[in-house]
Structures are given as C-alpha cells and as structure tokens.
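The lines below spell out each chain.
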Amino acid sequence: MSDTENNLVCVFCGSYDGNDPVYVDAATALGRELVKSGYGLVYGGGTRGLMGRVARSVHDNNGQVVGIMPRALMSAEGCADEVGKVIVVESMHQRKSMMNDHASAFIALPGGFGTLEELLEITTWSLLSIHSKPVIVLNTNEYYSALKAMVDTAVNSGFVSASNKHIVVFCDTPEEAVAAIKSYVPPSSRFGLNWEPKVPV
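None of these values were measured; they are calculated from a predicted model.

Conventions and cut-offs
- Residues numbered from 1 in each chain as written.
- Predicted model: local features only at pLDDT ≥ 70, side-chain atom pairs only at ≥ 80, totals over all residues.
- Heavy atoms only, no water.
- Core = buried A, V, L, I, M, F, W, Y, C linked by side-chain atoms within 4.5 Å.
- Buried < 20%, exposed > 50% of the residue type's maximum accessible area, 1.4 Å probe, protein only.
- Helix = DSSP H or I, 4+ residues; strand = E, 2+ residues; numbered from the N terminus.
- Contact = heavy atoms within 4.5 Å.
- Arc of directions from axis to C-beta.
- Salt bridge = Lys/Arg side-chain N within 4 Å of Asp/Glu carboxyl O.
- Pairing = 2+ DSSP bridges.
- Axes fitted to C-alpha atoms, helices over the stretch in contact; angles between N-to-C directions.
- Patch = residues over 30% accessible without salt bridge, like charges linked within 9 Å, V, L, I, M, F, W, Y side chains within 5 Å.
- Areas by Shrake-Rupley, 256 points an atom, 1.4 Å probe, with all protein chains shown as cover.
- Parallel < 35°, antiparallel > 145°, perpendicular 65-115°, else oblique.
- Left-handed = near helix turned anticlockwise from the far one by under 90°.

1. Comments concerning the nonpolar core
At step 1: Among the nonpolar cores identified, the biggest contains 52 residues, and Val-11, Leu-34 and Ile-107 are the most heavily contacted of them.
At step 2: When residues of this core are assigned to their parent elements, the largest contribution, seven residues, is made by helix 1 (residues 21-36).
At step 3: Setting aside chain neighbours within four positions, we find Ile-107 in contact with Val-9, Cys-10, Val-11, Phe-12, Leu-30, Leu-34, Ile-136, Leu-138, Ala-177 and Ile-181.

2. Looking at helix 7 (residues 174-183)
At step 1: Buried residues of helix 7: Pro-174, Ala-177, Val-178, Ala-180 and Ile-181, and no others. Along the axis of helix 7, the buried residues cluster in a sector spanning 150°; they form a single face. Turned more than 90 degrees from where helix 7 packs its buried face, Lys-182 and Ser-183 sit exposed.
At step 2: Buried-residue contacts for helix 7 involve strand 1 (8-12), helix 1, strand 5 (105-108), strand 6 (135-138) and strand 7 (168-171).

3. A word on the pattern of salt bridges
At step 1: Across all of its chains, the model carries five salt bridges by this definition.
At step 2: Among the ionic pairs, Asp-152 bridges to Lys-165, the shortest N-O distance being 2.8 Å. Linking Asp-152 in helix 6 (residues 145-156) with Lys-165 in the loop between helix 6 and strand 7, this pair joins segments that are 13 residues apart in sequence.
At step 3: With a relative accessible area of 29%, Lys-165 lands in the partly exposed category.
At step 4: Here the salt bridges share partners, and the residues they tie into one network are Lys-96, Glu-117 and Glu-121.

4. A look at the sheet that holds strand 3 (residues 65-70)
In a beta sheet, neighbouring strands are held together by backbone hydrogen bonds and run either parallel or antiparallel to one another.
At step 1: Spatial ordering of the open sheet is given by 4-3-2-1-5-6-7, a layout of seven strands whose pairing is parallel. Pairing within the sheet leaves two strands with one partner each, and these edge strands are strand 4 (85-89) and strand 7. For this sheet, the mean angle separating the axes of adjacent strands, direction not counted, is 25°.
At step 2: Together, strand 1, strand 2 (40-43), strand 3, strand 4 and strand 5 form the strand contacts of helix 4 (residues 92-102), whose direction differs from that of strand 3 by roughly 160°.

5. Examining a nonpolar patch on the surface
At step 1: A cluster of nonpolar residues, Ile-130, Phe-191, Leu-193 and Trp-195, forms a patch on the protein surface that exposes about 400 Å² of accessible area.
At step 2: Tracing the sequence through the fold places Ile-130 in the loop between helix 5 (113-127) and strand 6.

6. With respect to the packing of helix 4 against helix 5
At step 1: At their nearest, the axes of helix 4 and helix 5 sit 12 Å apart, and the two run at 55° to each other. By the criterion of interaxial angle, the relationship of helix 4 to helix 5 is oblique. As helix 4 runs across helix 5, the sense of the crossing is right-handed. Residues Arg-95, Lys-96, Ser-97, Met-99 and Asn-100 of helix 4 form the contact with helix 5, whose own contacting residues are Glu-117, Glu-118, Glu-121, Ile-122 and Trp-125.

Right under this line is the structure:
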C-alpha cells in the first residue's frame, strides 16, 4: 500500500513558532485532528517551529509521520527522525515533488516565504491538472486573510477565473480544515492538461 493510499496529508508551515501562541495551538490541534480523522502527515521533515509542532502532535497521537528533508537544511531546520520516517533528498525541488507524490491533500498553516511558495506552487499545479488534490489554507488568526483578498483582486482584475479561485479553500479552524478534505471538489474550469509521458512508438 502506498503512502497516498494511507491518506497522508501534506502540511506546509513555518520553521518558527510565530509571536502569538495561537499559531502553536493551531499546529498542535491540526496534528491531533488529522489522526482523529484517519490521516497521517507528510511534511518538510524539520523539528523546529510549527513544522516540529504538527509532526510531534501527529506522532504523539499515534499517527504516521513522513518527513522529506533536504540535506542542506538539516542543520537549519533540524531532522525529525525521532518522530517518524525521514527521507533525505538533495534539493528543494525533490522535496516538493516527493511531498506531492506522498500526499492525498495539502493544508497550509502560517509560515514565511517558503510556505507561501509551496502553497502557491501546489495551487498552480492543481490549476494545470498536475494533481486534483484538496488545497486547504488554515487561516489562523486571519494570517492568510490578505492572501484571500489578493486572490479576489486577481479575479476582479481578470487574471484568475471566478471558478478557479475555489482551487484553494480557506478555513478558520483545524476541524474545518480537515473536514474540508472530504468535501473538496476541484473546479471543472481548471486546465485539463495531460501530463502523462508520451510513449515512443
């Protein structure tokens, strides 16, 4: 059985805790809620910040944890081999590709540039039909409200279709975020591209 069949959810989040305890509380609650709903975790593999919090929460609640850690980041983010399986890779691109391969859905907690980049890239991959998995944003403390408004601006300015804005679902609580995985329907307006490699004749 593959990790995707095991219902691993990929969580993007920061390697810092942030300056409000509500972010740590949300990460811990999300890990607990994932296990309660039958999901495991695939994530960036670090021990620090919200990454470490959500991983320890899943592990402490007897859930499966798979970390994908670039070798160069091991000293900066820590390596969470004590809270599950860690796969060491050589590049950020490998990390993101493997997280996508292992995941059955994506949830973004608060984080910095790296978290934003991961979230927007996986959203773009859905738009291009590279995957059709749920993309959920946990808008703890209204952290992502500006991003939600930016998406509306992109729609109103003619750069994103009104239907495709629903590729990303914004939720206020960990419970809502996990529940949104099951109810998620990818917009039919996405680009129906075929990414299967062409077989030589």
